[in-house]
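Inside the fold
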Amino acid sequence: MAFATRRFVRAASAAAATAAAKKLVVKHVTVIGGGLMGAGIAQVAAATGHTVVLVDQSEEILKKSTKGIEESLKRVTKKKFADKPEVVLFAGAEFIEKTLKNLTTSTDAVAVVHSTDLVIEAIVENQEVKNELFKTLDKFAPEHTIFASNTSSLQITQLANSTTRQDRFGGLHFFNPVPMMKLVEVIKTPMTSQKTFESLMDFSKAVGKSPVSCKDTPGFIVNRLLVPYMLEAVRLFERGDASKEDIDVAMKLGAGYPMGPFELLDYVGLDTSKYIIDGWHALEPNNPLFAPSPLLNKLVEEKKLGKKTGEGFYKYK
Ligand SMILES: NC(=O)c1ccc[n+]([C@@H]2O[C@H](COP(=O)([O-])OP(=O)(O)OC[C@H]3O[C@@H](n4cnc5c(N)ncnc54)[C@H](O)[C@@H]3O)[C@@H](O)[C@H]2O)c1
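Residues numbered from 1 in each chain as written. Predicted model: local features only at pLDDT ≥ 70, side-chain atom pairs only at ≥ 80, totals over all residues. Heavy atoms only, no water.

As a further point, take the overall build of the protein. When its secondary structure is counted, the protein shows 13 helices and eight strands. Per-residue burial for the protein yields a buried fraction of 44% across its 317 residues. Taking the intrachain contacts of the protein between residues at least 6 apart in sequence as the baseline, contacts between residues at least 24 apart amount to 66%. A total of about 16,600 Å² of accessible surface is found on the protein, and carbon and sulfur atoms cover 60% of it. Averaging the coordinates of the 41 positive side-chain charges in the protein and doing the same for the 36 negative ones gives two points 7 Å apart. (Helix = DSSP H or I, 4+ residues; strand = E, 2+ residues; numbered from the N terminus. Buried < 20%, exposed > 50% of the residue type's maximum accessible area, 1.4 Å probe, protein only. Contact = heavy atoms within 4.5 Å. Areas by Shrake-Rupley, 256 points an atom, 1.4 Å probe, with all protein chains shown as cover. Lys, Arg positive; Asp, Glu negative; His and termini not counted. Charge placed at Lys NZ, Arg CZ, Asp CG, Glu CD.)

Following this line, the structure appears as structure tokens:
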């Protein structure tokens, strides 16, 4: 090989290595699951200039998701232009139109995933269903595509293991309601590459959020602190040490929390809270912070699940 050719080959392979090490700039996003969280994630991604395909199981669900996004965008627009009421009509309408232009929907994840940089999964909180989805998409998504799950309570590592791209797999844990809440927890498993992690951090910033990072541990940061705190409040009440009303008042006025633990439990849903604590208890049966609560279990059995059923610790009817 002539000297000049060798130099060219060396330069080309160095450029390829640099490109491989470079972070992925996410432009095209597929969000699977058009429920509460998925619709919110699709909305903030589309509003920040990404092209987004939102996937769910039926056209009917997707219609509902799109309608919800349109309503939410109107609220966001009002807030965004609150100090400029004179431009809200034009600039606001333009912002909504641009966002909706970036957003399409589909009922066929396999058919749309071939041109995506990032898949964000926000479907039902069930390990087997999520594993099955990731296993299938792994076969159809391009090599460079990063997979992320929005799961609150499942192990990211176990989800990553259903694919062959464990290095391009991480957690992106958004908070409800997504358009309002500024936090995203970016979860790095022992197999997540640094490049993937940095790409997920950059994407979180690009959608206007403040990312924090955490290892793949139960509850990550927020729920790891919040769920045991709420369960401790239930135990305090169960022991008869204080009334639930007084515990709520105490935490609001004494700790400055916006809601008391019982109000928060009712808002989150008692079934969701029980599901999380039961999962952690199975992982660490000797950890007293993860011990199930007889009172919480009783209320769930009686279908008193909180605000959504009209009764939990409090009555809402
Ligand atoms: N609700 C919260 O406050 C919250 C907060 C953070 C994270 N999460 C996590 O986000 C995820 C979604 O939660 P949610 O509250 O949005 O649930 P949701 O029930 O509102 O929405 C889930 C959606 O996924 C769809 N779906 C189910 N299986 C599917 C499949 N195989 N393919 C395509 N779509 C499918 C359902 O039709 C539904 O529309 C869960 O993993 C949950 O743990 C929830």
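Don't stop here, the text continues.
The next thing to look at is the environment of Ala233. By the element assignment, Ala233 lies in helix α9 (residues 222-238). Overall, Ala233 belongs to the buried group, its relative accessible area being 5%. Non-local contacts of Ala233, meaning those with residues more than four positions away in its chain, are made with Ile247, Pro261 and Phe262.

Turning our eyes to something else, we now look at the UniProt feature "binding site: CoA" (unreviewed entry) in the protein. Taking the numbering used here, the UniProt-annotated feature "binding site: CoA" (unreviewed entry) corresponds to Ser72, Lys79 and Ser152. These residues run over 81 residues, and the two farthest C-alpha atoms among them are 28.4 Å apart, placing them at more than one spot. Of the residues examined, Lys79 reaches a relative accessible area of 57% and is grouped as exposed. Assessed through its relative accessible area of 26%, Ser152 is described here as partly exposed. (UniProt positions renumbered as here; feature names shortened; annotations may be inferred.)

Attention now moves to the sheet that holds strand β4 (residues 118-121). In spatial order, the strands read β3-β2-β1-β4-β5-β6-β7-β8; together these eight strands make up an open sheet with mixed pairing. Looking at the sheet topology across the chains shown, the edges are occupied by β3 (103-106) and β8 (210-215). Strand-to-strand twist in this sheet, taken as the mean axis angle between neighbours without regard to direction, amounts to 25 degrees. Sheet topology note: the strand β1 (residues 28-32)/strand β2 (residues 51-55) ladder contains five bridges and is parallel. Along β2, the bridge assignment pairs Val29 with Val52. (Pairing = 2+ DSSP bridges. Axes fitted to C-alpha atoms, helices over the stretch in contact; angles between N-to-C directions.)

Once that is clear, we can look at the site of the ligand. If you check the shell around the ligand, you find 19 residues, and the closest are Met37, Asp56, Glu125, Lys130 and Asn150. One of the side-chain nitrogen or oxygen atoms of Lys130 is found 2.7 Å away from an oxygen atom of the ligand. Asn150 is positioned such that a nitrogen or oxygen atom in its side chain is 2.9 Å from an oxygen atom of the ligand. Contact with the protein chains covers 73% of the free accessible surface of the ligand, which is 830 Å². Sorting the residues of the shell around the ligand by element identifies α2 (36-47) and β6 (169-174) as the ones contributing at least two each. (Near = heavy atom within 4 Å. Polar contact = N/O pair within 3.5 Å; in protein donor to acceptor, adjacent residues only side chain to side chain.)

Scanning the entire structure with this criterion turns up 16 salt bridges. For Asp167, the salt bridge goes to Arg168, with nearest N and O atoms at 3.1 Å. Here Arg168 falls in the buried class, since its relative accessible area comes to 16%. Of the charged contacts in the structure, one is a salt bridge between Asp278 and Lys274, with a shortest N-O distance of 2.7 Å. Of this pair, Asp278 and Lys274 both sit in helix α12 (residues 270-283), four residues apart, which is roughly one turn of that helix. (Salt bridge = Lys/Arg side-chain N within 4 Å of Asp/Glu carboxyl O.)

Residues in a regular strand project their side chains so that they alternate between the two faces of the sheet. On β4, burial covers both faces: Leu118 and Ile120 on one face and Val119 and Glu121 on the other are all buried. Bridge count between β1 and β4: four bridges; the pairing is parallel. Its bridge partner being in β4, Thr30 is matched across the sheet by Val119. In this structure, β4 lies alongside strand β5 (residues 146-149), joined through four bridges in parallel fashion. Residue Leu118 lies in a different strand from β5, and its bridge partner there is Ile146. One crossover worth recording links β4 to the parallel β5 by way of helix α6 (residues 127-140), and it is right-handed. (Right-handed = clockwise from strand over helix to strand, strands pointing away.)

With four of five residues buried, β1 lies mostly within the body of the structure. Regarding the hand of the β-α-β motif, the stretch spanning β1, α2 and β2 is right-handed.

Our focus in this paragraph is the environment of Ser273. Here Ser273 lies in helix α12. Separated by 45 residues in the primary sequence, Ser273 and Pro228 place their C-alpha atoms 10.0 Å from one another. With near-sequence residues (within four places) excluded, Ser273 lies in contact with Met230, Leu265, Val268 and Leu296.

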